[in-house]
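Each chain, written out:
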Amino acid sequence: MLSNKSPLVSVVIPAYNHEKFVQETIHSIIKQTYQNIELIIIDDGSKDTTWNKINELKKKCEERFTRVHFETQENQGTCNTLNKLISLTKGDYVYFIASDDIAKPQAIEKQIIAITKNNAIVAVGDNEIVDHNSIRIGWDKKRNNCDLKYAYYKTFGAFLKLKEKKSDFGTYAQLLRGNHIPNGCLIEKKTLLQIPRFTPSAPLEDYFMHLQLSKIGKYCFLNEVLFSYRWHENNTIKQAEKMKIASDKTLKYEENLVSKLPNKKWEKIFKKEKYKTIILFSLGKIIKLYKKRELFTKKTILEIFGYQILLKKK
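Student: Lay out the overall build of the protein chain in plain terms, naming residues and giving numbers.
Tutor: Helices and strands together make up the secondary structure of the protein chain, namely 13 helices and ten strands. Per-residue burial over the protein chain gives 47% buried out of 314 residues. Of the contacts formed within the protein chain by residues at least 6 apart in sequence, a portion of 76% connects residues at least 24 apart. Accessible surface computed for the protein chain: about 16,700 Å², of which carbon and sulfur atoms make up 53%.

Structure (structure tokens):
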């Protein structure tokens, strides 16, 4: 265990309509083995009893943490709330957690050791998946809930095909292929302050943040479960059409952003990955069509379009 002389970690929780879960989230931070923590929570105008649930734990939090700041406000949306939360932090590192998720007791301690040891700006562990009742579950091939012992994906990292030594984890190019960063990130604050503020013009907040951070420094993935990601009926990620629109809007904003940067390296990478995505999407559509008509095997179609050559140029 690290001592109170260790760097201050600011844990920030944007809370909204999570009356059933928010106390479990707060308790998971109280139980952290890492000691030097400040806890900052903003209730973004919840319509249920979330704010009351937060305040019920205020005394216990004041006894546990170096500093506590709780406040409620009229609903301003996630982006504005996150910007305000960051502005209130005094720590050397910032740890993000949603008000329905759960951090494992050694999460912050292990991540701060990893971020220092690897000279990284972001450290994150794997995520297990829990349901509405905090029971660990898995996903089938289509990401439907299933019993863990029958699961095709037992963790979020397994779904993302992450490995501890994966060389391109957290690189800008890798992120342009998808938001492949698990939840529960510990981030160096001085680096976080270098990137643009969150904006509704890039509605996938975490994706936008990681795209910016990946241009500055190194990511570190710990191949162990340090976080419980809650999967229930209100997850935005389950609303496929809404998610697709938000992702496209975020990438469109990013494309405009990099086009204005003096360093054209990022614009070149963006265009290259965008071109690859178009090619791969087109190939996927063709393969699906030809397989349906039983004209060619998948292998034959890939050979026809020189897919192996395309991969070698990555």
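Moving on from the model shown.
Student: Go over the packing of aromatic side chains with me, naming the residues and quoting the values.
Tutor: Tallying each qualifying case throughout the model produces twelve aromatic pairs. Arranged with centres 4.8 Å apart and planes meeting at 90°, the rings of Tyr 152 and Tyr 153 form a pair that is edge-to-face. Both rings, one in Phe 169 and one in Tyr 219, keep their centres 6.2 Å apart while their planes meet at 80°; by these two values the pair is edge-to-face. Taken together, the residues Phe 169 in the loop between helix 6 (156-160) and helix 7 (172-176) and Tyr 219 in strand 10 (residues 219-230) connect sequence positions 50 residues apart.

Student: So what's going on with the environment of Lys 142? Residues and values would help.
Tutor: Along the polypeptide, Lys 142 turns up in the loop between strand 7 (136-139) and strand 8 (145-146). For Lys 142, a relative accessible area of 71% puts it in the exposed group. Lys 142 sits eleven residues away from Tyr 153 along the chain, and the two C-alpha atoms are 9.7 Å apart.

Student: Lay out the side chain of Asp 126 with the relevant residues and their values.
Tutor: Secondary-structure assignment places Asp 126 in strand 6 (residues 122-130). Here Asp 126 sits buried without a salt bridge, and the closest side chain of opposite charge, Arg 136, lies 7.0 Å off (N-O distance). Not counting the four nearest positions on each side in its chain, Asp 126 is found in contact with Thr 155, Phe 156, Gly 157, Ala 158, Phe 221, Leu 222, Glu 224, Val 225, Leu 226 and Phe 227.

Student: Can you break down the nonpolar core residue by residue, with the values?
Tutor: By size, the foremost hydrophobic cluster in this structure holds 44 residues, and its most contacted members are Phe 96, Ile 187, Leu 192, Met 209 and Leu 213. Tallying contributions element by element places helix 9 (residues 205-213) first for this core, with five residues. With residues up to four places along the chain from it excluded, the contact list for Leu 192 reads Ile 86, Val 94, Phe 96, Ile 187, Met 209 and Leu 213. One finds Ile 13, Ile 37, Cys 61 and Cys 220 within the second-largest nonpolar core, a separate group that totals 34 residues.

Student: So what's going on with helix 4 (residues 78-88)? Residues and values would help.
Tutor: When we look at burial in helix 4, the residues that qualify are Cys 79, Thr 81, Leu 82, Asn 83, Leu 85 and Ile 86. For helix 4, the secondary structure elements touched by its buried residues are strand 1 (9-15), strand 2 (37-44), strand 3 (67-73), strand 4 (93-96), helix 8 (189-192) and helix 9.

Student: Can you tell me about helix 9, naming the residues and giving the values?
Tutor: Burial analysis of helix 9 places eight of its nine residues in the buried class, the great majority of the element. By the burial criterion, the buried members of helix 9 are Glu 205, Tyr 207, Phe 208, Met 209, His 210, Leu 211, Gln 212 and Leu 213.

Student: For the pairing of strand 1, give the residues involved together with the corresponding values.
Tutor: Of all seven residues in strand 1, six are buried, a share of seventy percent or more. As defined by bridge partners, strand 1 adjoins strand 2 across seven bridges and the pair is classed as parallel. By the bridge assignment, Ile 13 is partnered in strand 2 with Ile 41. Considered for its hand, the β-α-β crossover made up of strand 1, helix 1 (residues 22-30) and strand 2 is right-handed.

Student: Break down the side chain of Ser 99 for me, citing the residues and quoting the values.
Tutor: Along the chain, Ser 99 turns up in the loop between strand 4 and strand 5 (102-103). Owing to a relative accessible area of 1%, Ser 99 belongs among the buried residues under this scheme. The contact partners of Ser 99, leaving out residues within four places of it in the chain, are Ile 13, Pro 14, Ala 15, Tyr 16, His 18, Phe 21, Val 22 and Thr 25.

Student: Provide a residue-level description of the pattern of salt bridges, including the pertinent values.
Tutor: Under the criterion given, the structure shown has 14 salt bridges. Here Glu 128 ties to Arg 136 by a salt bridge, and the two come within 3.6 Å at their closest N and O atoms. Among the residues examined, Glu 128 registers a relative accessible area of 8% and is labelled buried. Among the charged side chains, a network of salt bridges with common partners joins Asp 168, Arg 177, Glu 273 and Lys 276.

Student: Lay out the pairing of strand 6 with the relevant residues and their values.
Tutor: Of all nine residues in strand 6, nine are buried, a share of seventy percent or more. Sheet analysis places strand 6 next to strand 9 (residues 186-188), joined by two bridges and oriented antiparallel. Considered in strand 9, the bridge of Ala 123 is made with Leu 186. Two elements, strand 6 and strand 10, share nine bridges in a ladder whose sense is parallel. Directly across from Val 130, in strand 10, lies its bridge partner Arg 230. When strand 6 meets strand 7, the two strands line up antiparallel, connected through two bridges. Within the sheet, the bridge partner assigned to Ile 129 lies in strand 7 and is Ile 137.

Student: Can you break down unusual backbone geometry residue by residue, with the values?
Tutor: The backbone phi angle of Ser 134 is positive, close to 65°, even though this residue is not glycine. Along the chain, Ser 134 turns up in the loop between strand 6 and strand 7. With a phi close to 60°, Lys 161 is a non-glycine residue in the positive phi region. Mapped onto the fold, Lys 161 is located in the loop between helix 6 and helix 7.

Reading guide: rules and limits
Residues numbered from 1 in each chain as written. Predicted model: local features only at pLDDT ≥ 70, side-chain atom pairs only at ≥ 80, totals over all residues. Heavy atoms only, no water. Helix = DSSP H or I, 4+ residues; strand = E, 2+ residues; numbered from the N terminus. Buried < 20%, exposed > 50% of the residue type's maximum accessible area, 1.4 Å probe, protein only. Contact = heavy atoms within 4.5 Å. Areas by Shrake-Rupley, 256 points an atom, 1.4 Å probe, with all protein chains shown as cover. Phe/Tyr/Trp six-rings, centres within 6.5 Å; stacked < 30°, edge-to-face > 60°. Lys, Arg positive; Asp, Glu negative; His and termini not counted. Salt bridge = Lys/Arg side-chain N within 4 Å of Asp/Glu carboxyl O. Core = buried A, V, L, I, M, F, W, Y, C linked by side-chain atoms within 4.5 Å. Pairing = 2+ DSSP bridges. Right-handed = clockwise from strand over helix to strand, strands pointing away.

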